[in-house]
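Structure at a glance
What follows is the residue order along each chain.
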Amino acid sequence: MKKLHEEYAKFSVLFIIVAGLTYYLMDMIARSWNTELMKGISSAIRLIDPSGISLFITFMIGFYLGSLVLLFLDRKKRIQAIILSVGIVVLIVYMIRNFTVGWNLVYVALGTLIGLYLGSKDVGWRNINTKGEFRRAASNVSKFSVIYSVASLVTIYSSPGADNSGFIRDSLVVLTFSFFFSLLMDYELKGPKIVILGPEKSGKTLFLAGCYKRVVDVTEIPTDRSNDLIDLMTELYKGWPTRTKDIKEYRFTYEVGKLFPRETVLSTSDYPGIYLKDIAQYIGNKENIDKIEDLAKRSRVKVARQVAGADILIFIIDTERYPRFEEMGIDHYLKIVTELRGNGKNIEHYVVVTKSDLFKEEYPNYEGDYEGFKKFIEDKFVENIFVRELLIGESGRKFYPVFYYTKRTENPKYNPLIPITKDNEQYTSVPIHDNYGNVYVYGFDKFMNQLMQNE
Ligand SMILES: Nc1nc2c(ncn2[C@@H]2O[C@H](COP(=O)(O)OP(=O)(O)O)[C@@H](O)[C@H]2O)c(=O)[nH]1
Ligand SMILES: [Mg+2]
């Protein structure tokens, strides 16, 4: 996925800058140790405690080690943990070569404990397994390093008889190092933002719910979800969730990647009265959203921004409208794609066919033969030139029929005088629930597998 490559590229550039600056910084720190001032300070420390300097150094290394443990525990800080490990090894080798450090293990342990304490203060050890995020440890490492480099700079240039000619260069090194090192330590790989689009009642919301169910079924890592989504799942246990007049935000995040996890956000907005046809025209809109007085326009611009800011779009096609292709919104999808390209955005998209249970009688072997079912549905929909156009390029792979297992039941408006036929309006499809209220879904596993390994 293009997005991930960009992330790696950004991170690598950051790393190269920091590595280069660290080289200069090491030289500067070595110089600071040779200044008159430092010699004075260190002999003063030695007067108080002969091994004072060694204690400081061993304590400092302990502090880095403690923070490092937390960085390794934090799934999102593994790259930083690896980089820091290399840094600490270099530092220890450097110390052994250039100084006679008395290794005081008690101070290493003390430093480690303090590193652990300060890095996990805001999370608490109890929560390590649930969330295990130690951003604080990463920022402690950068703060400590920055303070130490500034201290070295001050020592060099406030020392008696200092040569001030390198001051500007050294200050610039410290300044840029501090900036980029903090960026590097705080950096978190961003996963894609995925936005689901579709006409009213096409099954957007239930599609998102099905994806969420799949993620919860397969992942051990907790996901974040919006409260509206919790309400939706509760309703789904009882029947089909009904549409409300409020604005709903259905969203959840999940992590992809074991070694270097990235957070993916899947979302769909339910703004009653916003039609698919309104999105394309606002894609290029540059107005300040808070200054748009017209509320209807403002919410349309907002949705258009979400679409333009997405990394993957999911275009929903509703089986219930087959074969009335003109009602499926496909022309609007094409307009959105065109408009996005016009604005320099080539966003990857998937085509998802919802409610495809309506075709399962025509392809009775759908169970255990997803590929066959998919081909069968695809053949029906590619009759339409716009669908074909949406699938040009990496076709097939990005076409996914899904459905909830349903059963037919009498419509509340049942009229015994109307004869019963196969597609009788007198019957509606309701989801099949088990004793616990769970629903059963088809195709979501295939779709989510593709999405989760696509990176
Ligand atoms: N038969 C069947 N009906 C579905 C399925 N998914 C959704 N529906 C129906 O479509 C309606 C609208 O779904 P919803 O997700 O709310 O659509 P949205 O307005 O696009 O968010 C639901 O109330 C159901 O009646 C499905 O997989 N099979
Ligand atoms: Mg909806």
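Keep in mind it's a predicted model, so treat the numbers as computed, not measured.

**Some words on the sheet that holds strand β5 (residues 312-318)**
- Ordered by their spatial adjacency, seven strands build an open sheet running β2-β3-β4-β1-β5-β6-β7, and the pairing between neighbours is mixed. Each end of this open sheet is capped by a strand with a single partner; those strands are β2 (224-225) and β7 (399-401).
- Note: β5 against strand β6 (residues 348-354), seven bridges, orientation parallel. Bridging from a neighbouring strand, aspartate 318 pairs with threonine 354 of β6.
- Packing against the sheet, helix α13 (residues 370-381) makes contact with β5, β6 and β7, and its axis sits at approximately 105° to β7.

**A few points about the site of ligand 1**
- Taken together, 19 residues surround ligand 1, and among them Lys204, Thr205, Leu206, Tyr404 and Ser429 come closest.
- Those elements that place two or more of their residues in the shell around ligand 1 are α8 (204-218) and β8 (403-404).
- Top contributing element to the shell around ligand 1 by residue count: α8, with three residues.
- Split by residue class, the shell around ligand 1 holds five nonpolar, seven polar and seven charged.

**Concerning the domain arrangement of the protein**
- Along its sequence, the protein is carved into domain 1 (2-186) and domain 2 (190-453).
- Relative to domain 2, the C-alpha centre of domain 1 lies at a distance of 48 Å.

**Brief notes about the nonpolar core**
- Of all hydrophobic cores here, the largest spans 61 residues; its most connected members are Leu197, Val307, Ile314, Phe315 and Val352.
- Looking at which element gives the most residues to this core, the answer is α8, with seven residues.
- Beyond its immediate sequence surroundings of up to four residues, valine 352 is in contact with Phe207, Ile314, Ile316, Tyr400, Val402 and Phe447.
- Listed in part, the 28 residues of the second largest apolar core include Leu25, Phe134, Ala137 and Phe177.

**Section: unusual backbone geometry**
- For the peptide bond that leads from tyrosine 322 to proline 323, omega is 0°, which places it in the cis range.
- Mapped onto the elements, proline 323 comes out in the loop between β5 and α12 (330-342).
- One non-glycine residue, lysine 201, adopts positive backbone phi at about 60°.
- Relative to the helices and strands, lysine 201 resides in the loop between β1 (190-197) and α8.

**A short note on helix α5 (residues 105-120)**
- Over its 16 residues, α5 runs 22 Å from end to end, which matches the ideal 22 Å to within 8%, given 1.5 Å per residue.
- Looking only at α5, the buried set comprises Tyr107, Gly111, Thr112, Gly115, Leu116, Gly119 and Ser120.
- Looking at the buried side of α5, the elements it contacts are α3 (52-73) and α6 (135-158).

The rules behind these values
- Residues numbered from 1 in each chain as written.
- Chains lettered and ligands numbered in written order.
- Predicted model: local features only at pLDDT ≥ 70, side-chain atom pairs only at ≥ 80, totals over all residues.
- Pairing = 2+ DSSP bridges.
- Helix = DSSP H or I, 4+ residues; strand = E, 2+ residues; numbered from the N terminus.
- Contact = placed C-beta atoms within 7 Å.
- Axes fitted to C-alpha atoms, helices over the stretch in contact; angles between N-to-C directions.
- Near = placed C-beta within 6 Å.
- Nonpolar A, V, L, I, M, F, W, Y, C, P; charged D, E, K, R; others polar.
- Domains from an automatic or database assignment.
- Core = buried A, V, L, I, M, F, W, Y, C linked by C-beta atoms within 7 Å.
- Buried ≥ 20, exposed ≤ 12 C-beta atoms within 10 Å, placed from the backbone.
- Expected span 1.5 Å × (residues − 1).

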